[in-house]
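# Commentary on secondary and tertiary structure
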Amino acid sequence: MTDRDEVDRIVASWHEVRPDLDFTPLMILSRVKRLARHLERARKASFATAGLESWEFDVLSALRRSGDPFELSPTNLVQQTLVSSGTMTNRIDRLVHRTLVERRGDPKDGRGVLVHLSPEGLIRVDSAIEHLLVAEAELLEGLGQGDQERMAKLLRKLSGAFDGG
């Protein structure tokens, strides 16, 4: 690990031409953006090992996290994945076609539908999360456990304003 990175070089160049500005936000958020790119690549590769796209993982993981019997209403899936209801309908249709989920009637509401994780969907989402955790741990290997915990706390504090927390 070096003392200076590409963001330091960018900020230094900006500071030379605009010494009147405070570049602290750029020093932080440019690194977040660069890390997000590395994370997106790692996630894509992890999901691909399980034969999934990122959006498929989002839906399947919401179902998996719901616990046995691994089913949620489309409305719950919309809330958890932050997509429109039309987008979710399309995603559910595509996952049904791939036999990763099934639509079932809601026994508590005769007009309602539940989306149920199929056995194949369960195998794939479990494989994807296992690969993802390995890949993400590799991205963080330059930080000790204490640093990771402090980073998580600071990011939680920062994102809370956006997530309503």
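What counts and what doesn't
Residues numbered from 1 in each chain as written. Predicted model: local features only at pLDDT ≥ 70, side-chain atom pairs only at ≥ 80, totals over all residues. Heavy atoms only, no water. Helix = DSSP H or I, 4+ residues; strand = E, 2+ residues; numbered from the N terminus. Buried < 20%, exposed > 50% of the residue type's maximum accessible area, 1.4 Å probe, protein only. Phe/Tyr/Trp six-rings, centres within 6.5 Å; stacked < 30°, edge-to-face > 60°. Core = buried A, V, L, I, M, F, W, Y, C linked by side-chain atoms within 4.5 Å. Contact = heavy atoms within 4.5 Å. Arc of directions from axis to C-beta.

Under an unreviewed UniProt entry, the name given to the protein chain is Winged helix-turn-helix transcriptional regulator, and the source organism is Naasia lichenicola.

## With respect to unusual backbone geometry
With an omega dihedral of 20°, the bond running from Asp 68 to Pro 69 counts as a cis peptide bond. By the secondary structure assignment, Pro 69 is in the loop between helix H3 (54-65) and strand E1 (71-72). Backbone geometry places Phe 70, a non-glycine residue, at a positive phi of 55°. In this structure Phe 70 comes out as buried when scored by relative accessible area, which is 15%. Its identity as a non-glycine residue notwithstanding, Thr 99 has a phi of 60°, on the positive side. Turning to its location among the elements, Thr 99 is positioned in the loop between helix H5 (85-97) and strand E2 (101-106).

## Quick look at the packing of aromatic side chains
Counted according to the given criterion, the structure contains two aromatic pairs. Here Phe 47 and Phe 57 contribute two aromatic rings whose centre-to-centre distance is 4.3 Å and whose plane-to-plane angle is 20°, an arrangement assigned as stacked. Here Phe 57 lies in helix H3 and Phe 47 lies in helix H2 (residues 24-49), a separation of ten residues in the sequence.

## Some points on the nonpolar core
With 24 residues, the main nonpolar core has Leu 52, Leu 60, Leu 63, Leu 77, Met 88 and Leu 95 as its most contacted residues. Mapped onto this core, the elements with two or more residues apiece are H3, helix H4 (74-81), H5, strand E3 (109-117) and helix H6 (119-139). The dominant element in this core, judged by the number of residues it contributes, is H3, at six residues. Those residues within four positions of Leu 60 in sequence are excluded, and the remaining contacts are Leu 52, Leu 95, Leu 100, Val 101, Leu 117, Gly 121 and Val 125.

## Some remarks on H4
Considered for burial, the residues of H4 that qualify are Leu 77, Val 78 and Thr 81. The arc that holds every buried residue of H4, seen down its axis, measures 105°, which confines them to one face. On the buried face of H4, the contacting elements are H3, E1, H5 and E3. Once H4 finishes, Leu 82 follows within two positions and takes phi at roughly 60°, a positive value.

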